[in-house]
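Residue-level listing of the chains:
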Amino acid sequence: MESNLQKKALWKSRRGLKELDLILLPFVENHFLELNEIEKQSFIELLKNEDVELMDWLINLTSPPKSMLKIINLVIKNYSKY
């Protein structure tokens, strides 16, 4: 069942970069509800960043802040399943 927080995550995962949509939307649709509350909040915080920063972090061009490292690793790990 979709929660309000998942709906918020889905909405905020629709980005200006198609590449981010292809990574973030499937993550929210397929794995968001499996996250614990801290991870869910961390994902929402991650989505507050600019598209270029997110893309750089996800494709490992730059290092993310330590506070975002765990959720970024979860997104990448689950993306590799597709």
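Predicted model only: the values in this text are computed from it and were never measured.

A.B. asks: What should I look at first to understand helix α4 (residues 51-58) in this one?
C.D. replies: One turn of the α-helix equals 3.6 residues, which is why residues spaced by three or four share an orientation. Every buried residue of α4 is accounted for by D51, L54, M55, W57 and L58. Down the axis of α4, the buried set is contained in an arc of 165°. They therefore lie on one face. For α4, the elements touching its buried residues are α2 (18-31), α3 (37-46) and α5 (66-79). Positive backbone phi, approximately 65°, marks N60, located one or two places after α4.

A.B. asks: What is the right way to look at the pattern of salt bridges in this model?
C.D. replies: Think of it this way: side chains of opposite charge can pair up when their charged atoms draw near. In this structure the tally under the stated criterion is four salt bridges. Note that K48 is salt-bridged to E45, the shortest N-O span being 2.8 Å.

A.B. asks: Looking at this structure, I do not really get the side chain of N49. What am I missing?
C.D. replies: Here N49 lies in the loop between α3 and α4. The buried category is assigned to N49, whose relative accessible area is 19%. Within the local environment of N49, its side chain forms a polar contact with the backbone oxygen of L46, the two atoms lying 2.9 Å apart. If we ignore the near neighbours within four places in the chain, the residues touching N49 are R15, L54, W57 and M68.

Reading guide: rules and limits
- Residues numbered from 1 in each chain as written.
- Predicted model: local features only at pLDDT ≥ 70, side-chain atom pairs only at ≥ 80, totals over all residues.
- Heavy atoms only, no water.
- Buried < 20%, exposed > 50% of the residue type's maximum accessible area, 1.4 Å probe, protein only.
- Helix = DSSP H or I, 4+ residues; strand = E, 2+ residues; numbered from the N terminus.
- Arc of directions from axis to C-beta.
- Contact = heavy atoms within 4.5 Å.
- Salt bridge = Lys/Arg side-chain N within 4 Å of Asp/Glu carboxyl O.
- Polar contact = N/O pair within 3.5 Å; in protein donor to acceptor, adjacent residues only side chain to side chain.

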